[in-house]
Amino acid sequence: MIAFAALVDALVYTRSRNGKLALIAQYLRTTPDPERGWALAALTDGLDFPAVKASAVRTLLMSRVDPLLFQLSRDFVGDTAETASLLWPEPAGPQLPPPRVDEAVAALAAMTRASVQHDLAALLDRLDADGRYALLKLATGAMRLGISARLAKVAFAQAFAVAVEEVEEYWHGQVPPYLPLFDWAANGAPPPSDEDLPLFRPFMLAHPLEDGAAPDLSAYAAEWKWDGIRVQVVCNGQATRVYSRSGDDISASFPEIAAALPVPAVLDGELLVRGSYQGAAEGGAASFNALQQRLGRKTVSRAMLADYPAFVRLYDALIIAGEDLRPFAWEQRRLALEALVPRLDPARFDLSALIPAQSFADLAEIRSGARDAAIEGVMLKRRDSPYVAGRRTGLWYKWKRDPLLADCVLMYAQRGSGKRSSFYSDFTFGCWAGEPDADGLGGSELLPVGKAYFGFTDEELKWLDRYVRQHTVNRFGPVRETDRSLVLEVAFDSIHASKRHKSGLAMRFPRIHRIRADKPAREADRIETLRAQVAD
Amino acid sequence: MAPPFSWLRPEPQGLYIVPAQAWIDPARPVDRALVTHGHADHARGGHAQTIATPATLAIMALRYGTTAGAMAVGYGEGIDLPGGVRASFHPAGHVLGSAQILLEHAGERVVVTGDYKRRADPTCPPFEPVACDVFVTEATFGLPVFRHPPIGAEIARLLAARERHPGRCMLVGAYALGKAQRVIAELRRAGYAEPVYLHGAMERMCRLYEDFGIALGELRPVADVPRSALAGEIVLCPPSALSDRWSRSLPDPLTAMASGWMRVRQRARQRNVELPLIVSDHADWDELTATIAEVNPAETWITHGREDALLRWCELNQRKARALALVGYEDEDD
């Protein structure tokens, strides 16, 4: 755990990719099995301990430290694990030596809701502040070290001088502590076999279409860009898995999809929720709001399945019936996909329609006219391109709709997390409601319409942080209420009716577009203006 | 009769001593100012009369040119102000010249600490607890997550990193007044005898420290040597210079920063620091709470920093306390 804690600390302070790679590779080379395998899983967020959640850590700390002091500390530090590691009272008397990573993992895995308070405390007592930080980060599964699965694989390849493509291929069927993988890479054993596993294949990704670019539409097919989540559905004839963009297995969250692919295939599409929620046509795709009800769940209730039925809108096929289609042109893959879709359950799979645009100007007009809640923009795919992993210039483009804009008034601010801890960086803003009286303002009140925590530059963040501190009229724990004097131009992709907010509105993807320090607050937009833009 | 301590009024721009018509550490020019120490957010220029320790006055003279109306008061000495107020200066252990100011009026005693710490510091005399009715304390690091490690351990980490990376320039960001000289003095105490290189903004302050008898060993301006000669050397610069163009001309700099904020990882990351050194000239949580307990005042007033948590601690320990909303003091120590 000491070497792992030192690695975690070094990774926190190392910005360069090469620096991170060298640190991880060095650790993997010099640490024995099974410790290094568990450490690798921890770095790539591959560990889950059901009894050890941030809430358990919070409860433990509040039993040792005054709850308000813990809360104030957490608010400043911006991270529960780090706060806990710093606040943990040093134990009196001799302690057992620090645990190895695999020992810690075994202990964490054995903890139950009943035992976690006692057992986690015993582990923390054996570590110093850096060790406690590494342990709690590992236990609660949020390392936030900027180590993607891809980076970890490159580091692994670098550590043992093997090809990264091979690492990617053999990795997916493996589980921590990856003993066969280390045995292959470090000791020259035969590679782990993957034939029987429904494996994830890397996605092909799109570049944003740059302003002013106008690709020739005879070489590109146009499709809607759906506002769901990108998934890969993989069936090997026995088992079916649903993978997210990052390669996470989300089959458990979407059992109806996993149960619905009866043919061996690897398909690429958009996961959406069907229904008339948020105004989608009956049987069509609902907005992202509806899909959000289904995300991140380990188990799904029957009511969830009935109220928010999921389906996949397919747009590509990587493999069908054992044949790898990836080397073929998009047009050929599309034909194969069109032939396959009629054989699938129409409740669970449909085909993403092509947009019949004759020219780029046509497409631009179609795109700007689309306000369907489930449409985020359009995609352009080169007709003769193979399916290649990653983001390759010139093959796929995404072209999002222009955002909607509204002038809102800053009402509340909250401190951010992580890199932005201690900066006021989460902003709640509102628009005017009610009839203004003669002098233009009395009689009106501000109703919150959204919350945004990005869109500004680092310089603007500093400016906003200072503004909040100097214009605070009230504090509610970590939240500050401001004097409602600052206008923010907010950009958002769409706006929906919502019962959750007093204004009855919810913005999709709001971000701070401009700071309008020049504009008086009373000239900000009125609620009715926003309501007129509701997409439902 | 006036309520207790009503002769001392917290105003947004500083503490106002009503009968003496004088301010402590005012944020804007006034007729009569008592200044606890030389950091810019406490010691502003332009007062008609400035009362401070000789070292603080020298620091202000260096920063603002000559200080007209300067009146020096040494440690342990006092001065009678108009309106029957006596003010005396006592070591605060923060930086060279830093003082707590004891105010006595109508049988009531108030100590204003300015900024302070309780750790040993070879560049200034240690904090002396002064008995009082009201203790006006800072709270820059007033959260229980702040526990500064022993400075010797942090200096050892800097020297170990230098051994590990012989080809890299060890660039240490440190506040130009106080922190820089303390780091140098501690390096010397750890046996580091090589020259220490200085960013131009630090030279005059280091010389001033030496004039006050603080030995700092051999110091060299960065400007005097070719940049390539700085590989493997220790260079001190103000924190603001860490990320500006100036630092890019150094040979493969390893960016370190000496600040109490470095205790929090994300704070260090925000500054793009590769080697965070937890070195502070402010009291940490344990020092703040131990000092309040030791001084044992009837009331504790908390000026700037994380006053919420220290207020809570006072409440938990059944101590009367209040937060003063003074503006103008920055999150210093960086």
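Conventions we followed
- Residues numbered from 1 in each chain as written.
- Chains lettered and ligands numbered in written order.
- Predicted model: local features only at pLDDT ≥ 70, side-chain atom pairs only at ≥ 80, totals over all residues.
- Pairing = 2+ DSSP bridges.
- Helix = DSSP H or I, 4+ residues; strand = E, 2+ residues; numbered from the N terminus.
- Axes fitted to C-alpha atoms, helices over the stretch in contact; angles between N-to-C directions.
- Contact = placed C-beta atoms within 7 Å.
- Buried ≥ 20, exposed ≤ 12 C-beta atoms within 10 Å, placed from the backbone.
- Parallel < 35°, antiparallel > 145°, perpendicular 65-115°, else oblique.
- Nonpolar A, V, L, I, M, F, W, Y, C, P; charged D, E, K, R; others polar.

### Let's talk about the sheet that holds strand 4 (residues 32–34) of chain B
Pairing between the strands of a sheet is mediated by backbone hydrogen bonds and can be parallel or antiparallel. All names here are of chain B. Strands sit in the order 1-2-3-4-5-6 across an open sheet of six strands; the sheet is mixed. In this open sheet, the two edge strands, each paired with only one partner strand, are strand 1 (8–11) and strand 6 (70–72). Taken pair by pair, the neighbouring strands of this sheet meet at an average axis angle of 25°, ignoring direction. The pairing of strand 3 (residues 22–24) with strand 4 spans two bridges and is classified as parallel. In the strand pairing of strand 4, W23 is matched with A33. Together, strand 5 (49–52) and strand 6 form the strand contacts of helix 1 (residues 54–64), whose direction differs from that of strand 5 by roughly 135°.

### Thoughts on unusual backbone geometry
Here the amide bond leading from A:D33 into A:P34 is cis, since omega sits at -5°, within 30 degrees of zero. Each neighbour pair has its own omega, and for A:P176 with A:P177 the value is 5°, a cis peptide bond. Looking at the element boundaries, A:P177 is found in the loop between helix 11 (164–171) and helix 12 (179–187). Unlike most non-glycine residues, A:A161 shows phi in positive territory, near 50°. Inspection of the secondary structure assignment puts A:A161 in the loop between helix 10 (149–160) and helix 11. By the C-beta count within 10 Å, which is 8 here, A:A161 ends up exposed. Its identity is not glycine, yet B:A106 carries a phi of approximately 50°, on the positive side. Mapped onto the fold, B:A106 is located in the loop between strand 9 (99–105) and strand 10 (108–112). A tally of 14 C-beta atoms within 10 Å means that B:A106 is categorised as partly exposed.

### Remarks on the sheet that holds strand 2 (residues 207–208) of chain A
All names here are of chain A. With mixed pairing, four strands are arranged side by side in an open sheet as 2-12-10-3. Where the open sheet ends on each side, the last strands, each with one partner, are strand 2 and strand 3 (220–226). Two strands pair when backbone bridges link them, and strand 10 (residues 375–382) and strand 12 (residues 396–400) are joined in this way by five bridges, in the antiparallel orientation. Note that in strand 12 the partner of V378 across the bridge is W399.

### Concerning the packing of helix 1 (residues 2–12) of chain A against helix 2 (residues 17–30) of chain A
Residue and element names in this part refer to chain A. For the pair helix 1 and helix 2, the least separation of the axes is 10 Å and the interaxial angle reads 175°. As judged from the angle between their axes, helix 1 and helix 2 are roughly antiparallel. Along its contact with helix 1, which presents A3, L7, A10 and L11, the element helix 2 presents K20, L23 and Y27. Considered class by class, the residues forming the contact of helix 1 with helix 2 number six nonpolar, no polar and one charged.

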